[in-house]
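Fold and contact review
In case you want the letters, here they are:
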Amino acid sequence: DGGKSYLFWGSFRGIYAAELDITPDVDISVRKESMKQVAGKAFEGSNIWKRGKYYYFFASTGNYAGGAESTYRTVVARSENVMGPYFNRAGVNAMEDDGFEEVLDRSANFSGPGHNSGLLLDDAGNTWMFYHAYQLSNLGLHRQGLLDRVLWDKEGWPYIQSGVPSDRAGGPYIKKRSK
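Residues numbered from 1 in each chain as written. Predicted model: local features only at pLDDT ≥ 70, side-chain atom pairs only at ≥ 80, totals over all residues. Heavy atoms only, no water.

Before going further, it helps to examine the overall build of the chain. Across its full length, the chain carries zero helices and twelve strands. The secondary structure elements of the chain, listed N-terminal to C-terminal, are β-β-β-β-β-β-β-β-β-β-β-β. Here the chain has a C-alpha radius of gyration of 17 Å; the compact-globule value for 179 residues is 16 Å, and the two agree. Each principal axis of the C-alpha distribution contributes one length, and for the chain these read about 50 × 50 × 35 Å. (Helix = DSSP H or I, 4+ residues; strand = E, 2+ residues; numbered from the N terminus. Rg over C-alpha atoms; globule rule 2.2 N^0.38 Å.)

Next up, the structure:
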């Protein structure tokens, strides 16, 4: 962001961030003076996405190990600064009070949708989110990778249609590339 690189890490003991120094030879070091906690102990699997003036802190919360009983889900908070503080729609802080907005929860077909490992823009400008979930009709497959389109409401908050994993969805638009 602005020519600076950042690292976000942590899990259920807090989410932390730091600015990185990266040399032309790709030696990477953490600027220790920039390290800070940006979210509380309810989260893991963080992913920062910038859209407009906001940085969106996507994360997962709940119990991911339960198969059909999994309470894992995807949540979001946002800030105007990459290093936070991050808040939910009502202004509750993600750091002190675990404030978040729910993006994706269980459905009749899937449990534990979370750990959004990546967001991407397709060539039409649509945002897509990769994540995993348990398919309740085939728990032997364990967690499966899924993809859903992220929509944005009029206040700029992200959501997934119906708030649950889609059973069938279109895919990202990718322009045909010339060789």
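The structure having been displayed, the exposition proceeds.
So, about the pairing of strand S10 (residues 127-135). For S10, the tally of buried residues reaches seven of nine residues, placing the bulk of the element in the interior. Bridge analysis of strand S9 (residues 110-121) against S10 gives seven bridges, and the strand direction is antiparallel. Paired with Leu120 across the two strands is Trp128, which belongs to S10. Here S10 pairs with strand S11 (residues 143-152) via eight bridges, running antiparallel. Opposite Tyr134, over in S11, you have Arg143 as the bridge partner. (Buried < 20%, exposed > 50% of the residue type's maximum accessible area, 1.4 Å probe, protein only. Pairing = 2+ DSSP bridges.)

Moving on to the side chain of Arg78. Within the secondary structure, Arg78 is located in strand S7 (residues 73-79). Buried within the structure, Arg78 lacks any salt-bridge partner; Asp153 is the closest side chain of opposite charge, at an N-O distance of 6.0 Å. Within the structure, the side chain of Arg78 is placed 3.5 Å from the side chain of Tyr56, a separation counted as a polar contact. If sequence neighbours within four positions are ignored, Arg78 has contacts with Tyr54, Tyr55, Tyr56, Pro85, Tyr86, Phe87, Glu155, Gly156 and Trp157. (Lys, Arg positive; Asp, Glu negative; His and termini not counted. Salt bridge = Lys/Arg side-chain N within 4 Å of Asp/Glu carboxyl O. Polar contact = N/O pair within 3.5 Å; in protein donor to acceptor, adjacent residues only side chain to side chain. Contact = heavy atoms within 4.5 Å.)

A separate point is the pairing of strand S5 (residues 44-51). Strand direction decides the pairing type here: S5 and strand S6 (residues 54-61), joined by six bridges, are antiparallel. Across the sheet, the residue bridging to Asn47 is Phe58, located in S6. Joining the antiparallel neighbours S5 and S6 is a turn of two residues, in which Gly52 adopts a positive phi near 65 degrees.

With that out of the way, let us pick up the sheet that holds S9. One open sheet holds the four strands; their spatial order is S9-S10-S11-S12, and the pairing between them is antiparallel. Bordering the open sheet on either side are S9 and strand S12 (158-160), each of which pairs with just one other strand. Within this sheet the neighbouring strands show an average axis-to-axis angle of 35 degrees, counted without direction. Bridge analysis of S11 against S12 gives three bridges, and the strand direction is antiparallel. Within the sheet, the bridge partner assigned to Val150 lies in S12 and is Ile160. (Axes fitted to C-alpha atoms, helices over the stretch in contact; angles between N-to-C directions.)

This part is about the environment of Ala17. Inspection of the secondary structure assignment puts Ala17 in strand S2 (residues 15-22). The exposure class of Ala17 is buried, given its relative accessible area of 0%. Each C-alpha atom of the pair Ala17 and Ser162 lies 31 Å from the other, and the pair is 145 residues apart in sequence. Excluding residues within four positions of it along the chain, Ala17 makes contact with Leu7, Phe8, Trp9, Ser34, Met35, Lys36, Val38 and Met83.

Looking now at a nonpolar patch on the surface. Residues Leu7, Trp9, Val30 and Met35 make up a contiguous nonpolar surface patch of roughly 320 Å² in combined accessible area. Mapped onto the elements, Leu7 comes out in strand S1 (residues 5-10). We classify Leu7 as partly exposed; its relative accessible area is 36%. (Patch = residues over 30% accessible without salt bridge, like charges linked within 9 Å, V, L, I, M, F, W, Y side chains within 5 Å. Areas by Shrake-Rupley, 256 points an atom, 1.4 Å probe, with all protein chains shown as cover.)

All right, on to the pattern of salt bridges then. Under the definition given, this model contains eight salt bridges. Note that Glu19 and Arg31 form a salt bridge whose closest N and O atoms lie 3.6 Å from each other. Highlighted residues: Glu19 in strand S2 and Arg31 in the loop between strand S3 (28-30) and strand S4 (36-39), separated in sequence by twelve residues. Among the residues examined, Glu19 registers a relative accessible area of 12% and is labelled buried. A relative accessible area of 31% means that Arg31 is categorised as partly exposed. Between Arg89 and Glu155 there is a salt bridge, with its nearest N and O atoms 3.2 Å apart. Placement of the pair is Arg89 in the loop between S7 and strand S8 (101-104) and Glu155 in the loop between S11 and S12, with a sequence separation of 66 residues. Connected via shared salt-bridge partners are Arg89, Glu101, Asp153 and Glu155.

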